[in-house]
Amino acid sequence: MRTIRLQDTAGGELRELRPRVDGRIGIYVCGPTVYSRVHIGNGRPFVVFSLLKRFLVHEGYDVTLVSNLTDVNDKIYAAAVREGVPSGDLAVTMGDHYRADTDRLGLGRPDVEPLATTSMPAIIDLIADLVARDAAYAVDGDVYFRVRRDDRYGSLSHRDVDQMDQGEGDDAPGGASLKEDRLDFALWKATKPGEDTAWDSPWGRGRPGWHIECSAMAEEALGLGIEIHGGGNDLVFPHHENEAAQTRCARDAELAAIWMHTGMLELRGEKMSKSVGNVLPLHRAIDEIGRDALVLLYASAHYRKPLGFDDQAIAGAQGSVRRLRELGRRIATAGDPGAADAATDASGRPDPHRDAFFAALADDFNTAAALGHLWRWVREANGTLDAGSPVDPAPLREMLDVLALADVLEPVDGHDADDGPDDAALALLAARDEARAAKDWARADALRDELAAAGWTVRDGAGGAELVRGDR
RNA sequence: GGCACCGUGGCGGAGAGGCUACGCAGCGGCCUGCAAAGCCGUGUACACCGGUUCGAAUCCGGUCGGUGCCUCCA
């Protein structure tokens, strides 16, 4: 196993990944609040942590990826009222959409996907523990977390509690606050008129606050000191700060060893978010861009950096996928060079590009740098093929597999069953061969145009002409 | 205002004191009847101004511009 280092938001520096139990890694990622279809910005953590899991599995770890769905919350109530449906129904519908949309990414599912609504016992227990420890207090059916009780509050997001306190703004727009301190936040909220779901608790009927559910679900699924806790960097404060504080005060232990945060997607230099209105829904992105190009696009930037999404970037990713496909096709037609170990080339030498690829991933999961090495491999392979030698695709497949892109090497190219040229196309090709033999270039070119219209690209090679599926 | 961070060639995007990735697009060449594909080559790229250094895109200071969070947000 390689030494793997990841940037920890709390420490602000690279931290070595050290499993609590040898060979086992737990990852908890904050998933979406299911009140509408997810967009490609929401998709980034899903992709990043799914790919990270693939990499860790490749490295020999037994990985458990847990990602929750927040299915009770103000936004869901509001959206349900707008649409005139029960909030529980809306959450179920949108949860189903979320799973279906992310399924289409082809990255598999997280191992566990807990729901807030089915985690109530753990949530209530955790709140009760906080109350018992005096880190939380109940008022009129609400329960609040006593922020100043946690002397390390602010350590994750690098904020000073006293400075936070100086901010302005109204605390409770609708009325007087029940909080002892304006920094305190709700663990449990008494049910209000207009809210159509509520659960019994020692403090009365109500529902959990947003932050507490993650502390409870994460601990329930993975225990304390989770190797990696992740999410978008817009969750650092207050969500993750609060999660960390809750667990710390309830358990005298840290919830996570490494806090990993993904950067925002940007459209025209602005964060993509529903409130800005510049969103591209994930399912539409998959339709329009293509699953492979989309995954490649996510992988093309380091996960912590902002990633610009524009037409040229999308076209670039699509072009890259085409090149990969083309190489896969060339390798397949060139024949089997004899199986070699994935870590060595066909002649038994170590494969430096493959090694550099995985080393880059071990260094703060730098998929962008890793791709750079993959492309060098691609270029060399093409050169080998140009020279007439076969190429062993095993190292390439190994690299692409970690990025969930190995399917581009499949000769069948996608899901169409009707692979292979039909008789009509083959007849046109034969006619063109004749015309070429007769040096009737005009006729040969006309036949090539006909083939193109039928969706076939003619490729003249040393072994004669062949037909390749044209680009859309 | 506070905290975190960013400004790299047409676009995307690595890197982080000397070796100036990579992809897409462009241009030139090889190959080809012509193309396509591939290969080779190619671009005054590191916001600006100072400083440190033998040497800075990389370090320090400042300036300008931008982003995120500080309220729900991946």
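Caption draft 1: Molecular detail of the protein's contact with RNA strand B. Residues in contact with RNA strand B amount to 58 residues; listed here are only the nearest, Trp 210, Gly 232, Leu 235, Ser 320 and Arg 376. Sugar plus phosphate: this is where 72% of the atoms of RNA strand B within 4 Å of the protein reside. One nitrogen or oxygen atom from the main chain of Gly 41 is found 2.7 Å from a base nitrogen belonging to RNA strand B. In this structure, a sugar or linking oxygen belonging to RNA strand B sits 2.7 Å away from a main-chain N or O atom of His 158.

Caption draft 2: Broad picture of the sheet that holds strand 5 (residues 136–139). Read from one edge of the open sheet, 4 strands run 5-6-7-8, paired in antiparallel fashion. With one partner strand each, in any of the chains shown, strand 5 and strand 8 (206–208) form the two edges of the open sheet. Across this sheet, the average inter-strand angle for adjacent strands is 20 degrees, counted without regard to direction. Relative to the sheet, helix 4 (residues 120–132) contacts strand 5, strand 6 (142–145), strand 7 (185–190) and strand 8, its axis offset from that of strand 7 by approximately 120 degrees.

Caption draft 3: Expanded view of the domain arrangement of chain A. Domain boundaries assigned for chain A yield domain 1 (5–262), domain 2 (283–409) and domain 3 (423–469). Here the C-alpha centroids of domain 1 and domain 2 sit 35 Å apart. Overall, the association of domain 1 and domain 2 removes approximately 2,400 Å² of surface from exposure, summing both partners, and the carbon and sulfur fraction of that is 63%. Contact with domain 2 buries area across many residues of domain 1, yet Arg 44, Phe 55 and Arg 104 alone supply 27% of it, more than any other trio. At the boundary of domain 1 with domain 2, the tally comes to 2 salt bridges. In this structure, the salt-bridge partner of Asp 287 is Arg 104, at a minimum N-O distance of 2.7 Å. Joining domain 1 to domain 2, the criterion identifies 11 residue pairs in polar contact (both at pLDDT 80 or more). Ranked by residue count, the leading element in the side of domain 1 that touches domain 2 is helix 1 (residues 40–58), at 10 residues. Its residues assigned to classes, the side of domain 1 that touches domain 2 comprises 11 nonpolar, 6 polar and 7 charged.

Caption draft 4: Quick peek at empty space enclosed by the protein. Within this structure, the stated rule accounts for 1 cavity of 30 Å³ or more. What lines the largest cavity is Val 48, Leu 51, Tyr 298, Ala 299, Ala 301, Tyr 303, Phe 365 and Thr 367. Residue classes in the lining of the largest cavity are distributed as 7 nonpolar, 1 polar and no charged.

Caption draft 5: Broad picture of the packing of helix 8 (residues 282–289) against helix 9 (residues 291–299). Where helix 8 meets helix 9, the closest approach of the two axes is 7 Å, and the angle between their N-to-C directions is 110 degrees. Considering the angle they form, helix 8 stands roughly perpendicular to helix 9. Only Arg 291, Ala 293, Leu 294 and Tyr 298 of helix 9 make contact with helix 8, whose side of the interface consists of Leu 282, Ala 285, Ile 286 and Ile 289. When its residues are assigned to classes, the contact of helix 8 with helix 9 shows 7 nonpolar, no polar and 1 charged.

Caption draft 6: Looking closely at the sheet that holds strand 10 (residues 256–262). If you walk across this open sheet you meet the 4 strands as 4-3-9-10, and the pairing is parallel. One side of each edge strand has no neighbouring strand; the edge strands of this open sheet are strand 4 (62–67) and strand 10. In this sheet, adjacent strand axes meet at a mean angle of 20 degrees when their direction is disregarded. In the sheet, strand 3 (residues 24–29) pairs with strand 9 (residues 226–232) via 3 bridges, with the strands oriented parallel. Bridge pairing links Ile 27 to Ile 228 in strand 9.

Caption draft 7: Here's a closer look at the environment of Ala 122. With respect to the helices and strands, Ala 122 occurs in helix 4. Assessed through its relative accessible area of 16%, Ala 122 is described here as buried. Sequence separation between Ala 122 and His 58 is 64 residues, and the spatial gap between their C-alpha atoms is 33 Å. Leaving out residues up to four positions away in the same chain, Ala 122 has contacts with Ala 216 and Glu 220.

Caption draft 8: A look at helix 2 (residues 74–83). Taken together, the buried positions of helix 2 are Ile 76, Tyr 77, Ala 79 and Ala 80. The backbone nitrogen of Lys 75 has a side-chain oxygen 2.6 Å away, supplied by the residue at the start of helix 2, namely Asn 73. Just beyond helix 2, the residue with positive phi is Gly 84, at close to 70 degrees.

Caption draft 9: Examining the packing of helix 10 (residues 311–334) against helix 12 (residues 367–386) more closely. Axis separation between helix 10 and helix 12 bottoms out at 11 Å; the angle between their running directions is 40 degrees. Here helix 12 runs oblique to helix 10, going by the angle between their axes. Crossing angle aside, the handedness with which helix 10 passes helix 12 is left-handed. Counting all contacts with helix 10, which are made through Ser 320, Arg 323, Leu 324, Leu 327, Arg 330, Ile 331 and Ala 334, the residues of helix 12 involved are Leu 374, Trp 375, Trp 377, Val 378, Ala 381, Asn 382, Leu 385 and Asp 386.

Caption draft 10: Region of the structure containing the nonpolar core. Within the largest apolar cluster, 83 residues are counted, with the highest numbers of intra-cluster contacts made by Ile 27, Phe 55, Leu 56, Ile 228 and Phe 309. Among the elements that make up this core, the one with the highest residue count is helix 1 (9 residues). Of the domains in this structure, domain 1 (5–262) and domain 2 (283–409) are the two that each give at least three residues to this core.

How each quantity is defined
Residues numbered from 1 in each chain as written. Chains lettered and ligands numbered in written order. Predicted model: local features only at pLDDT ≥ 70, side-chain atom pairs only at ≥ 80, totals over all residues. Heavy atoms only, no water. Near = heavy atom within 4 Å. Polar contact = N/O pair within 3.5 Å; in protein donor to acceptor, adjacent residues only side chain to side chain. Pairing = 2+ DSSP bridges. Helix = DSSP H or I, 4+ residues; strand = E, 2+ residues; numbered from the N terminus. Axes fitted to C-alpha atoms, helices over the stretch in contact; angles between N-to-C directions. Contact = heavy atoms within 4.5 Å. Domains from an automatic or database assignment. Buried area = accessible area lost by both parts, 1.4 Å probe. Salt bridge = Lys/Arg side-chain N within 4 Å of Asp/Glu carboxyl O. Nonpolar A, V, L, I, M, F, W, Y, C, P; charged D, E, K, R; others polar. 1 Å grid on protein atoms, 1.4 Å probe; cavity = no way out; pocket = protein on both sides within 12 Å on 5 of 7 lines; lining within 4 Å. Points joined across faces, edges and corners; volume = space filled by probe spheres on them. Parallel < 35°, antiparallel > 145°, perpendicular 65-115°, else oblique. Buried < 20%, exposed > 50% of the residue type's maximum accessible area, 1.4 Å probe, protein only. Left-handed = near helix turned anticlockwise from the far one by under 90°. Core = buried A, V, L, I, M, F, W, Y, C linked by side-chain atoms within 4.5 Å.

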